[in-house]
Amino acid sequence: MSSTPPELRIGAAYIRVSTDDQLEYSPESQLDKIQSYAKANGIVVPPEFVFMEEEGRSGRSTKKRTEFNRMIGTAKRKPKPFDVLLLWKFSRFARSREDSILYKSMLRRDLGIEVVSVSEPIGEDKMSILIEAMIEAMDEYYSINLAEEVRRGMTQRAKQGKPNTYAPIGYRMQDGDYIPDPDTAPIVRKVYEDFVSGRGLLQISHALTTLGVRTRFGNPIDNRGIKYILRNPVYIGKVRWTPTGRTHRMWNNPETLVIDAGHEPLVSRALYDQAQAMLDEREQRYGRYSREDGQPFALKGLVRCSCCGATLTRQKGRADGKGGPSLQCHNYAKGRCPESHSIQIAKLTTAVLEQITEDFRRLDFAILSADGQQIKSSNSAALLARQIAREEQKLERIRDAYEGGVDTLEEYRQRKAAIEQRIAALRASAPPPAEPISPAEFAAAHAADLKRLKDPDGDPTEQNEVLRGFVRQIIFDRKNSGFVIQYYL
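Figured I'd write up the structure that's included with this text. Predicted, not measured: the structure shown is a model, and the values here were computed from it.

### Notes on the sheet that holds strand β10 (residues 303–305)
- The mixed open sheet is built from four strands, whose spatial order is β10-β15-β16-β14. The outermost strands of the open sheet, each flanked by one partner alone, are β10 and β14 (367–368).
- Bridging between strand β15 (residues 471–477) and strand β16 (residues 482–488) involves six bridges; their strand directions are antiparallel. Bridge assignment links Asp-477 to a residue of β16, and that residue is Gly-482.

Laid out in structure tokens, this is it:
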């Protein structure tokens, strides 16, 4: 008489290797132990139910564990896809007791799926509940303590002026320190010089994109990336570190350490401080206190008080609705300037556009060259030349690949055409030489801009960007009911 073999159960395996356990518990060794346990206990683990995280995924939270989340999603299917989830250790499942209790409870109670640690056998009596809880508590304590030790070491390293992160654009890492990167250091200098000369973050971002500049991850540098560069004290020879890990707005975080370091600065302290002052002023102008009605306007951020030099910011309209929105000296509104400079936005905008039109007609106006203009132009030309040189080096490499038999003739032709197209685009984007320009040439260059500014249906935000492209600032004198427009290259 033959006996009935025990019913096979379907199992799943969840595998994760944290950075501190990589050598001892590789993914392959975990899977090998799990499969041995499964075979000995009548469990079949199909390949599609093996959920293996990328190495180094933290167990502190489930948010970034893609395979864990896929495993949970699979377990919720109807009918139940597997009967038991096998782990090498409970710490592989989660080091947060909150996550562990939540997901184990869901698997066991709601879905009827058992959770088993193959290296930590636990019985089914009441004591097993306490033993499993103690194991998880010890794992969580180890994880938190390890994180604190790592953070303490990184804080001490920062206090010694040593970097804790990868090198930002403009630098590269060598022997644990930052050294200037000859390819990207000119980009950083150009960003600072363009910004203090009056160009907006978006304009700078577009200019770098045209030059083919990308982040280390291959993405264009957007306006937030430009602001990050401008706010980063690493470029004046310092390192920045927040021990608490709360890095939001690090440049204004009282918990953030800014320490003198030994690496070479890329910009002068004077240029850096000027950029910080301009950023602070922009944030004050564009912050929540100056944006209450949410309405942009063409002159935003360009008009300054003739008495104290502060920017005129938008004020709320009158209670009776008459008169329309107006500008007022920011310092006067705060009680720090003795002279009111209140004026209706529409009235001033009309007057400014009429003045620009008259200036361009009479050709009797001055064109300012900001401090460092020649250096900026030189950096821009050098940066463009370097980008073209890199593309030409790529041409040599793909030719070597073709001659060495790595690429076919068709592959070589396609790659060559793409690189030559990029080189042509870079050369076409070359800025005009930084030579003196006559008012007639200046007016002709910005004739289309003036037409866009005078379009009654134009977008105010775009008109503001257009104005910033050739108007440095507008000095408004309330006493004499006049203003001066400062044009710049």
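### As for unusual backbone geometry
- Across the junction of Lys-78 and Pro-79, the peptide omega takes the value -5°, indicating a cis bond.
- Tracing the backbone through its elements, the reader meets Pro-79 in the loop between α2 (66–75) and β4 (84–87).
- Non-glycine residue Leu-363 carries a positive phi angle of around 60°.
- Of note, Leu-363 is situated in the loop between α11 (345–362) and β14.
- Assessed through its relative accessible area of 36%, Leu-363 is described here as partly exposed.
- One non-glycine residue, Ser-481, lies in positive phi territory at about 50°.
- Assignment of secondary structure puts Ser-481 in the loop between β15 and β16.

### Things to note about the nonpolar core
- Counting residues in each nonpolar core, the largest one holds 36 residues, and the members touching the most others are Tyr-192, Phe-195, Leu-208, Ile-226, Leu-230 and Tyr-235.
- Elements with a contribution of two residues or more to this core: α6 (185–196), α7 (201–210), α8 (223–231), α9 (269–286), α12 (373–403) and α13 (409–428).
- At seven residues, the largest contribution of residues to this core is made by α6.
- The residues touching Leu-230, leaving out its near neighbours within four places in the chain, are Val-191, Tyr-192, Phe-195, Leu-201, Tyr-272, Ala-275, Gln-276 and Leu-279.

### Let's talk about the side chain of Gln-463
- By the element assignment, Gln-463 lies in helix α16 (residues 460–468).
- Accessibility expressed as a relative area gives 11% for Gln-463, which makes it buried.

### Overview of the packing of α6 against α7
- For the pair α6 and α7, the least separation of the axes is 10 Å and the interaxial angle reads 145°. Seen along the crossing, α6 lies across α7 with a hand that is right-handed. Of the residues in α7, those touching α6 at Ile-187, Lys-190, Val-191, Asp-194 and Phe-195 are Leu-201, Ile-204 and Leu-208.
- Class assignment of the residues belonging to the contact of α6 with α7 gives a composition of six nonpolar, no polar and two charged.

### Notes on the sheet that holds strand β11 (residues 312–315)
- Sheet architecture is open: three strands sit in the order β11-β12-β13, paired in antiparallel fashion. With one partner strand each, in any of the chains shown, β11 and β13 (343–344) form the two edges of the open sheet.
- Strand direction decides the pairing type here: strand β12 (residues 326–329) and β13, joined by two bridges, are antiparallel. Considered in β13, the bridge of Leu-327 is made with Ile-343.

### Focus: the packing of aromatic side chains
- By the definition in use, this model includes 15 aromatic pairs.
- Ring geometry for Phe-360 against Phe-442: centres 6.2 Å apart, planes inclined by 85°, an arrangement best described as edge-to-face. Here Phe-360, found in helix α11, pairs with Phe-442, found in helix α14 (residues 439–445); they are 82 residues apart in sequence, far enough to count as distant.
- Phe-360 gets classed as buried once you look at its relative accessible area, which sits at 10%.
- Taken together, Tyr-171, Tyr-178, Tyr-192, Tyr-235 and Tyr-272 form an aromatic cluster joined through their ring pairs.

### Details of the environment of Cys-337
- The topology assignment puts Cys-337 in the loop between α10 (330–333) and β13.
- In this structure the C-alpha to C-alpha distance between Cys-337 and Cys-305, which are 32 residues apart in sequence, comes to 9.3 Å.
- When near neighbours in sequence (up to four residues on either side) are disregarded, Cys-337 contacts Cys-305, Cys-307, Cys-308, Cys-329, Asn-331 and Tyr-332.

Procedures and definitions
- Residues numbered from 1 in each chain as written.
- Predicted model: local features only at pLDDT ≥ 70, side-chain atom pairs only at ≥ 80, totals over all residues.
- Heavy atoms only, no water.
- Pairing = 2+ DSSP bridges.
- Helix = DSSP H or I, 4+ residues; strand = E, 2+ residues; numbered from the N terminus.
- Buried < 20%, exposed > 50% of the residue type's maximum accessible area, 1.4 Å probe, protein only.
- Core = buried A, V, L, I, M, F, W, Y, C linked by side-chain atoms within 4.5 Å.
- Contact = heavy atoms within 4.5 Å.
- Axes fitted to C-alpha atoms, helices over the stretch in contact; angles between N-to-C directions.
- Left-handed = near helix turned anticlockwise from the far one by under 90°.
- Nonpolar A, V, L, I, M, F, W, Y, C, P; charged D, E, K, R; others polar.
- Phe/Tyr/Trp six-rings, centres within 6.5 Å; stacked < 30°, edge-to-face > 60°.

The values reported here are purely geometric and, on their own, carry no functional implication.
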